[in-house]
Structures are given as C-alpha cells and as structure tokens.
Amino acid sequence: MSRFVLSLDQGTTSSRAILFDTSGNPVASEQEEFAQIFPKPGWVEHDAMEIWRCQSAVADAVMQKAKVTAADVAAIGITNQRETTVVWNRETGKPIHNAIVWQDRRTAGKIDQLVADGNGDQIRAKTGLMPDAYFSGSKVAWILDHVPGARESARRGLLAFGTIDSWLVYQLTKGRVHITDPSNASRTMLYNIHTLDWDDALLDMFRVPRSMLPEVRESSEVYAEVEVDMLCRGVPIAGIAGDQHAALFGQNCFKKGALKNTYGTGCFMLVNTGDKPTVSQNRLLTTIAWKRKEQVKYALEGSVFIGGAVVQWLRDGLGMIKKSSDIRGLCDSVEDSGGVVMVPALAGLGAPHWDQYARGAIFGLTRGTTTAHIARAAVESMAFQSADLLTAMQADTDFKISQLHVDGGAAIDDFLLQFQADILQLPIVRPKMFETTALGAAYLAGLATGVWRDTAELEKNWQVDRIFEPQIAPYEAAEKKAVWNEAVKRSMHWEKPEK
Ligand SMILES: Nc1ncnc2c1ncn2[C@@H]1O[C@H](COP(=O)(O)OP(=O)(O)O)[C@@H](O)[C@H]1O
Ligand SMILES: O=P(O)(O)OC[C@H](O)CO
C-alpha cells in the first residue's frame, strides 16, 4: 500500500513539492523561488521552462529527502498560480513567449476596448468574471498578436495554450496529455461556467482557436501517469485545481457557506456557494470551486493582487529587509504605523474596486516616518484589502460568518493576523497545517485513488494552531477603515490608459 501523496504547488513566487502521509501530515517539503521578470512597468512574466525545471527539481528533491520511491506514492496532485498564460508549440514542446503572469497589466487597453464595444455584460454573465486584464483570455490574444507568425501557426493547429497546471501535465507526460480542470478553466475568460464548455462567442471575441485549448477534465480523477524520467515516474496524476480552489478544499470548506482567506502573493477570499453559481452584486467573482464525481461546486471569490507580494517588494524592490520574516521585527519596533497608510496597487486594484489604472501609493508621510512605519503600513494593507473582500461577501450572501480560516505564506505572521482580527472584529483561525493549497491538491488526488474514502474522512485531519481574537473596540476598527477607504480612493485612476 502506497503511503504518501505528492503535491506539486506551483505558486507565483516559488515552486513547492510536499509529500503528505495518509493522515494529511506533511512529511517532507522542498521549495525553490524563481525569477520574476518585469520587462516594462506593469508587465510581469515568468520563464515557463524555468518553472518546469524548478518544479520537477523540487519534486525529485522531496522524494530523495524522504527516501521515498515511486512505489510509495499513491498519486500526484497539482495546484497552481491561476490565469498565468503559456502558449507553446506542439511540435517542439517549447513556449513561444514567456508566460504572461496573472498580475500583468499589458492588456488593460484591450479589455477597455471590449467593454467599450458592449461586451462587458456577456463576459460577466458567461464567465462570472469582471472584465480585467487579470484573466487569461486577453493574454493569449496578446501573444498571438505579438509573436511573429503566431496567429498563422495557431490557425494551423500547431500551438497549444494552457495555464500552469496544463503546462506541468504536458511536461510530466512528455507532451502526450493536454488537459486542465474546471477551476482553472473558469479563470481564463474563455470558459462558460454554466454550460461547462469553452464558449465559441468568447473564443471569437479574443480570436483564440478552439484547437489551442486543453480538454477540461474533473478536478479529481486519474488523468495519466508520469512518463518523464523523474523519481515519481509511473505515479498517477489524479488531482488538479487552481491554488485558491485547492486551498478552499484543503481548509475542508466542503459545505455551502464555508469560507477561507489565503495570504500568498495576493490575497484570495473564497466562500463555497454550493451547487449553483451565485451572482455578485458587489463586484466579486463567481468561479468554479472544483468538479468531483460529476458534481460542480461554485464559489464567490474576492481577489487582491498584491498581498504577501508587498513584503517581497520591500525586500527585493526597496531593499528594506533582507528576508521576508524580517518584516516582523520592523513591525514590532513601533507602536503603530505613525499615520502611514500604504495602498499596494502595484498591479492595479482587484476586488472589489477593479481599477486597472490604480497604482501604489503611500500616504501620511512626515519627517518622523521611518522604515518601520512603512513596513507596518505594508503589512496592514493586506488586512485592509481582505476586510474589503469580507464586506463585499457579507453583502452578497446571507451566510452567517462567525470566524475566518486563513492560510498562505504570509499567514505565518502573527502581527498580520492580529491586525486582521482587530479590523474585522472577527476571530481569525489559523490551522496547524497552513500549506492548505498543497494539502487540497493532495486530497483531490488521494480521493481519486482510494487513499481517502470521502471528505468526511478528511475533516478529521484538520487542527487549529491559533485563534486571534479582536483586541480593539469596534469604533477604532471603523476609524482605521475610514482612513483606508480614503487612501484607496486617492490611489485610483492614477495611470492613464494608453492612447
Ligand atoms: N514571514 C513572513 N511575513 C510576511 N510575509 C511573508 C513571510 N514569509 C513569506 N511572506 C510572503 O508570503 C508570500 C509567499 O506566500 P506563498 O503562499 O508561498 O505564495 P505563492 O504561492 O503566491 O508563491 C510572499 O509574497 C512573501 O513575501
Ligand atoms: O501564487 P498565489 O498563491 O498568490 O496565487 C495566485 C492566484 O492563483 C492568482 O489568481
């Protein structure tokens, strides 16, 4: 009997591989950061070959570290940064352009044009998404329009498009299998979340030929075995989900009304809305949570583009700290942010504002402002943005929300979670295992291969690490949020649309 499930978690800033035992405990983990490429202001790219190299390297490394062979591994689950767009040549297996990352703003003008032409309502109704450069559709179109000969090659069926899950499966199967799952497909702006198929009108709108697209399979089923020469060769790939959807699954949010917030590169709050899509009146996204056993579960999502990435920016962009965890010492060295408020709209603003042209801003600077105040304002900005999401979610649903489950790399920061509890006036619950993204993908793969029987069995694995209770009065929270709202307003519409 195989004793482990291997999870491949391909995030925006790093590739991770985690081996889980059959109680859902991580037994070994390996992680590698990779290059963020910023060719122009507002553009963000990844080298898809580098993503494959580091993802396969950490997968081998984690098996070596745990002294595990392919026979010990029951299944592989894949979870990934969503929307990031790879277009490759089917003959060479090589990308024809760097991957365009979800945070990339280069197609904002294209989206403006589609909306000006009256397509906004159709996009929203069919895909559940807000018209925004965030999603894959306009990114595929950009690659086809800008790589010489690409449109002609696409027309001849020579090109393939995929989000990172598709790209990894394609590599793992030596180019034999080109698939995705409905959670990832629902982020492309090309997929109809009601008919559960690629939508011809949307494909026409973005001029993307259907022949480029992956087959959409369930989120939990055996798709193929690993064929490439790796330590996990022969292991079935049996789970795929976008990272936020996998985190929802890994947090055991199986029932309608169950909610989580993830603090990774961005911050993403998702609530399970059950068997039917819920239409947001408050500029949230309707998305597919997952599909299992022919049943689709939907979710409402609030997406914040810059969450933990603000810490990375202080580290790599400003050189203010050496490593991410240094932020904690800086925050603790001052009583408060000294009146400094940071709106980290470095890639525009996502939910609930959806302003492609907002840009980052720091308000309230004085001669007394120190790097510690700025660091504190940066961390607080993750909590303020997440609070905006919860407000929208509460307005959209009648779910009784009595606590918020959290996870993601930045959720390690106690100061962040305490501040979150304070301004939300809600208990924040951090589980022991807060790599829930990877765990969710492992669960999806393990359910498809008989490692676990059902979701009831998974619920037993969940354990609380710490609960953060609000420590300030409601009026103080309201005052802080009022200042934040004012700062957001002033950061909006900063960049001018390209003529
Ligand atoms: N100790 C820390 N305090 C605050 N933020 C952190 C800390 N460690 C990591 N981060 C932030 O968390 C993010 C990484 O989280 P992770 O869940 O791994 O993201 P992703 O999956 O998007 O790559 C980074 O943006 C990083 O800046
Ligand atoms: O890389 P993460 O974990 O911040 O997630 C990125 C999201 O999937 C983008 O939609």
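Refer to the structure above for everything that follows.
What you see is a predicted model; the values in this text were computed from it and never measured.

(A) Just helix α4 (residues 136-146), in detail. Of all eleven residues that make up α4, nine are buried, and the element is covered over most of its length. Among the residues of α4, Ser-136, Gly-137, Ser-138, Lys-139, Val-140, Ala-141, Trp-142, Ile-143 and Leu-144 are the ones counted as buried. Packing partners of the buried residues in α4 comprise β6 (86-89), β7 (99-100), α2 (108-116), α5 (150-155), β8 (159-162) and α8 (200-206).

(B) Main features of unusual backbone geometry. Pro-352 follows Ala-351 through a cis peptide bond whose omega is -5°. Tracing the chain through its elements places Pro-352 in the loop between β19 (341-343) and β20 (361-363). Phi is positive for Glu-83, close to 70°, though the residue is something other than glycine. Within the element layout of this structure, Glu-83 appears in the loop between β5 (73-80) and β6. Among the residues examined, Glu-83 registers 26 C-beta atoms within 10 Å and is labelled buried.

(C) Quick look at the nonpolar core. One finds Val-5, Leu-6, Ala-75, Ile-76 and Ala-445 to be the most contacted residues of the largest nonpolar core, which totals 157 residues. The element contributing the most residues to this core is helix α12 (residues 371-396), with 13 residues. Sequence-distant contacts of Leu-6, that is, excluding residues within four places in its chain, are made with Ala-17, Leu-19, Ala-59, Val-73, Ile-76, Cys-232 and Val-235.

(D) Spotlight on the site of ligand 2. Neighbouring residues of ligand 2: 13 residues in total, closest Gly-11, Thr-12, Arg-82, Gly-264 and Thr-265. Partitioning the shell around ligand 2 into residue classes produces one nonpolar, nine polar and three charged.

(E) How the structure looks around the site of ligand 1. In the vicinity of ligand 1, 18 residues are found, and the nearest of them are Gly-11, Gly-264, Thr-265, Gly-308 and Gly-409. With three residues, helix α10 (residues 309-317) is the single largest residue contributor to the shell around ligand 1.

The rules behind the values
Residues numbered from 1 in each chain as written. Chains lettered and ligands numbered in written order. Predicted model: local features only at pLDDT ≥ 70, side-chain atom pairs only at ≥ 80, totals over all residues. Buried ≥ 20, exposed ≤ 12 C-beta atoms within 10 Å, placed from the backbone. Helix = DSSP H or I, 4+ residues; strand = E, 2+ residues; numbered from the N terminus. Contact = placed C-beta atoms within 7 Å. Core = buried A, V, L, I, M, F, W, Y, C linked by C-beta atoms within 7 Å. Near = placed C-beta within 6 Å. Nonpolar A, V, L, I, M, F, W, Y, C, P; charged D, E, K, R; others polar.

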